[in-house]
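These are the residues of each chain, in order.
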Amino acid sequence: MTKKATIVDIAKALNTSAATVSRALNNNPRISDKTKKLVNDTAKALGYEPNPVAAALRNGRSKIIGVIVPYIDRSFFSSVIRGIEEEVKKHGYNIMICQSLEDRQAEADNIDIMVNARVAGIALSLASNDETHLKQIIKSNIPLVTFDRVADNLAPHTVAADDFEGSFLATTHLIRQGYQKIAHLAGNQDINIYRNRLRGYRAALDENGYEIDSDLIVSTKSSVESGRLSAEKLLSLTNPPDAITSASDFSALGALQYCKSKDIRIPQDIGITGFANEPFTEYLEPSLTSVSQNSLEMGKIVGQVFFDKANQDNDSIQYKKILLKPELIVRESSQRQKV
């Protein structure tokens, strides 16, 4: 295996000090342009490649933005990650990705890794409503942006879709389609996005004069199996719902599968809506109405916020709270009345 050239090798070739070579490679103003050119030409000839980890140790920060999400394999988070990467690359940065699997300790461990790697910033979608471990990021003076599942109390920059409005739109749509008893698959209420989606559901019912029936609100995990079980529970009620609005596309898919297995017609007998507009929603039979959170745009804005902050003095930083407008994508699963 060929040994990689080092700064010491360049210094020996030029009969100068390693310190001079290092300064020249880092464009130090104390080094003449002639020497910089000589050093860079020699480095190229020897095949020298800078070590980003070593640079991070010298400079106190790497050119890496850490990204922590609950699940890498969810299309929503993959799209956000893409948006972040596209934006930070414009500034010469790369990303490091970790997933928490909605586990608070795993999230804290990921933060430790990123702080020790001296990342230039951290973009984070929270695993739970426990924000205490975020203090390590702030104490380390690492810029922090939370997105989607945002931190409410520590006041970092936040970028999120208006989950309240999205759920309000979905529930109002079902009402306008003539559904009378609308259930809600509520999601984990320890996570703020699901609390906001439940509030949106309640507000839509209240505004339209519908009674809020606690039996029609089911705590459901964001999974297909949980959606199936929740639909089975709801449809076994003495007065079952004729519509289900879900805080997750995955639990909505489970509900749709259960209804089809029981020959319950969708949308004639029951209407169903999801949340997040995952790619599979368009290809189901029937296709699933869902709320789009504009995930790619969200990611790009997250990336932009880092550099907006980086261009400000610490004393003048203005915390950004960015709320994106959701869009209801109406498909066959809820369209009982053709427009």
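About the criteria used
Residues numbered from 1 in each chain as written. Predicted model: local features only at pLDDT ≥ 70, side-chain atom pairs only at ≥ 80, totals over all residues. Heavy atoms only, no water. Pairing = 2+ DSSP bridges. Helix = DSSP H or I, 4+ residues; strand = E, 2+ residues; numbered from the N terminus. Axes fitted to C-alpha atoms, helices over the stretch in contact; angles between N-to-C directions. Contact = heavy atoms within 4.5 Å. Expected span 1.5 Å × (residues − 1). Buried < 20%, exposed > 50% of the residue type's maximum accessible area, 1.4 Å probe, protein only. 1 Å grid on protein atoms, 1.4 Å probe; cavity = no way out; pocket = protein on both sides within 12 Å on 5 of 7 lines; lining within 4 Å. Points joined across faces, edges and corners; volume = space filled by probe spheres on them. Nonpolar A, V, L, I, M, F, W, Y, C, P; charged D, E, K, R; others polar. Core = buried A, V, L, I, M, F, W, Y, C linked by side-chain atoms within 4.5 Å. Phe/Tyr/Trp six-rings, centres within 6.5 Å; stacked < 30°, edge-to-face > 60°. Lys NZ or Arg CZ within 6 Å of the ring centre and 35° of its normal. Arc of directions from axis to C-beta. pLDDT = per-residue confidence, 0-100.

## Thoughts on the sheet that holds strand β11 (residues 321–324)
Read across the sheet, six strands follow the order β2-β1-β3-β4-β5-β11 without closing on themselves; strand pairing throughout is parallel. Of all strands in the sheet, those bounded by a partner on one side alone are β2 (94–99) and β11. Across the sheet, the axes of successive neighbouring strands diverge by a mean angle of 15 degrees, strand direction being ignored. Bridging between strand β5 (residues 157–161) and β11 involves four bridges; their strand directions are parallel. Bridge pairing in β11 places V159 opposite I322. Running over the sheet, helix α5 (residues 75–89) touches β1 (64–69), β2, β3 (121–124) and β4 (144–147) and is turned about 160 degrees from β2.

## Looking at helix α9 (residues 192–207)
Here α9 is 16 residues long and its end C-alpha atoms lie 22 Å apart, about the 22 Å a rise of 1.5 Å per residue gives. The set of residues buried in α9 consists of N192, I193, Y194, R197, L198, G200, Y201, A204 and L205. On its buried face, α9 sits against α8 (163–176), β6 (182–185), β7 (217–218) and β8 (243–246). Positioned one or two residues after α9, G209 has a phi angle of 75 degrees, which is positive.

## Let's talk about empty space enclosed by the protein
What the rule picks out here adds up to one cavity of 30 Å³ or more. Considered as a void within the structure, the largest cavity measures approximately 170 Å³ in volume. Top contributing element to the lining of the largest cavity by residue count: α9, with three residues. Broken down by class, the residue content of the lining of the largest cavity amounts to eight nonpolar, three polar and six charged.

## Here we look at the nonpolar core
For soluble globular proteins, the rule of thumb is that nonpolar side chains tend to be buried together. Counting residues in hydrophobic clusters, the biggest one holds 31 residues, and the most contacted among them are I182, Y201, L234, I244 and I272. Every element with two or more residues in this core is listed here: α8, β6, α9, β7, α10 (224–235), β8 and α11 (249–261). For this core, the element with the highest residue contribution is α11, accounting for seven residues. Ignoring anything within four residues of it in the chain, the contact list for Y201 reads S167, T171, I182, A183, H184, L216, I217 and T245. Listed in part, the 24 residues of the second largest apolar core include F77, I95, V145 and L324.

## Quick word on the packing of aromatic side chains
Summed over all chains, the structure comprises four aromatic pairs. With a centroid separation of 5.0 Å and 75 degrees between ring planes, the pair formed by F76 and F77 is classed as edge-to-face. With centroids separated by 6.3 Å and ring planes inclined at 20 degrees, the aromatic side chains of F164 and F168 adopt a geometry described as stacked. Of the two residues, F164 and F168 both sit in helix α8, four residues apart, roughly one turn of that helix. Looking at R74, its charged tip hangs above the ring of F250, at a distance of 4.0 Å from the centre.

## Some thoughts on α10
End to end, α10 covers 17 Å across twelve residues, agreeing with the expected 16 Å (1.5 Å per residue, within 8%). All of the buried residues in α10 are V224, S226, G227, S230, A231 and L234. Down the axis of α10, the buried side of the element spans an arc of 155 degrees, and every buried residue falls inside it. Structurally, α10 contributes buried residues whose contacts are with β6, β7, β8 and α11.

## Focus on the environment of R74
As for its placement among the helices and strands, R74 is situated in the loop between β1 and α5. By relative accessible area, R74 is classed as buried at 16%. Taking the C-alpha atoms as reference points, R74 and F250, 176 residues apart in sequence, are found 10.0 Å from one another. Those residues in contact with R74 that sit more than four places away from it in its chain are S222, F250 and E278.

## Re the sheet that holds β7
Strand order in the open sheet made by the four strands is β7-β6-β8-β9, with parallel pairing throughout. Lying at the two open borders of the sheet, with one neighbouring strand each, are β7 and β9 (271–273). Strands β6, β8 and β9 of the sheet are contacted by α8, whose axis makes an angle of about 170 degrees with β8. Across the sheet, α11 is in contact with β6, β8 and β9; its angle to β9 comes to roughly 160 degrees.

## Section: the environment of S248
Positionally, S248 belongs in the loop between β8 and α11. In this structure the C-alpha to C-alpha distance between S248 and L185, which are 63 residues apart in sequence, comes to 7.9 Å. Excluding anything up to four places from it in sequence, S248 contacts S222, G274 and F275.

## Considerations on the confidence of the model for the protein chain
Chain-level statistics for the protein chain give a pLDDT mean of 89 and a share of 91% at 70 or above. Taken together, the stretch residues 310–316 has pLDDT below 50 and engages in two contacts with residues farther than four places along the chain or on a different chain.

## A short note on the side chain of T273
Topologically, T273 is positioned in strand β9. T273 has contacts with A170, H173, L174, I244, T245, S246, A252, L288, T289 and S334, leaving out every residue within four places of it along the chain.

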